[in-house]
Amino acid sequence: MTNPTDANCIFCKIVAGLIPCHKLLETADTLSFLDVGPLSRGHALVIPKGHWVTLDQMPDQVVAQCATVARQVGAAIIKATGASGWNLLQNNGATAGQVVMHVHFHIIPRAEGDGLGFRWPAGKLAAEDAGELVRAITGAMR
Ligand code: 5GP
Ligand code: ZN
């Protein structure tokens with residue numbers, strides 16, 4: 001089966017070899033390479049070779065391969081850089097911070113006091129809303 005592609009997509013161009021990258025690992029359905037704008041040393045990306053914009057559009061087996069590769073590359077980056085932790089970040093949609101509209105998983109090595117992080121203004125789940133949410137979400141899965 002041929003993968004979907006988008007001739008104007010920068011990550012599709014990397015997959016096609018039209019734009020160079022610092023490659024870490026290639027599998028049948030994925031490519032992993034260093035991010036050109038790293039948040040920390042060793043920041044890398046894992047992408048599916050096919051052009052899908054958001055995670056929910058991807059075939060299950062390609063999602064699974066991305067997760068496997070992210071785990072493998074993440075573990076190697078931690079060993080190689082001496083980072084003490086890492087975040088796996090995946091943005092879906094411009095509202096969520098997605099800039100490149102081709103699915104990608106960020107592997108972001110972390111160090112104590114590195115100043116990185118998510119703003120996390122946690123609220124409190126209201127019991128009545130929880131019931132409504134569970135009904136709506138489980139209904140949407142059918
Ligand atoms: P997003 O904000 O869409 O989740 O992240 C896109 C990421 O892709 C950014 O971290 C950015 O630095 C990276 N990026 C954008 N263009 C290129 C490129 O041409 N090569 C590489 N290696 N990374 C890129
Ligand atoms: Zn693409």
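Values in this document were obtained by computation on a predicted structure and should not be read as measured data.

### Quick notes on helix α2 (residues 60-81)
Taking 1.5 Å per residue as the helical rise, α2 with its 22 residues ought to reach 32 Å, and the 31 Å between its terminal C-alpha atoms agrees with that figure. Within the sequence span of α2, burial applies to Val 62, Cys 66, Val 69, Ala 70, Val 73, Gly 74, Ile 77 and Ile 78. Relative to the axis of α2, the buried residues are bounded by an arc of 165 degrees and lie together on one face. Exposed residues on α2 whose side chains face more than 90 degrees from its buried face are Asp 60, Gln 61, Arg 71 and Lys 79. Considering only its buried residues, α2 is in contact with β1 (23-26), β2 (30-34), β3 (44-48), β4 (85-89) and β5 (105-110).

### A few points about the site of ligand 1
With respect to spatial proximity, 16 residues lie near ligand 1, and among them Leu 34, Asp 35, Val 99, His 104 and His 106 are the closest. Between ligand 1 and Val 36 there is a distance of 3.4 Å, counted from a nitrogen atom to a backbone nitrogen or oxygen. One of the backbone N or O atoms of Gly 97 is found 2.9 Å from an oxygen atom in ligand 1. Starting from 530 Å² of accessible surface for ligand 1 in isolation, the protein chains cover 80%. Only α1 (10-15) and β2 provide two or more residues apiece to the shell around ligand 1. The greatest single-element share of the shell around ligand 1, amounting to 3 residues, is contributed by α1. The residue inventory of the shell around ligand 1, partitioned by class, reads 9 nonpolar, 6 polar and 1 charged.

Calculation criteria
Residues numbered from 1 in each chain as written. Chains lettered and ligands numbered in written order. Predicted model: local features only at pLDDT ≥ 70, side-chain atom pairs only at ≥ 80, totals over all residues. Heavy atoms only, no water. Helix = DSSP H or I, 4+ residues; strand = E, 2+ residues; numbered from the N terminus. Expected span 1.5 Å × (residues − 1). Buried < 20%, exposed > 50% of the residue type's maximum accessible area, 1.4 Å probe, protein only. Arc of directions from axis to C-beta. Contact = heavy atoms within 4.5 Å. Near = heavy atom within 4 Å. Polar contact = N/O pair within 3.5 Å; in protein donor to acceptor, adjacent residues only side chain to side chain. Areas by Shrake-Rupley, 256 points an atom, 1.4 Å probe, with all protein chains shown as cover. Nonpolar A, V, L, I, M, F, W, Y, C, P; charged D, E, K, R; others polar.

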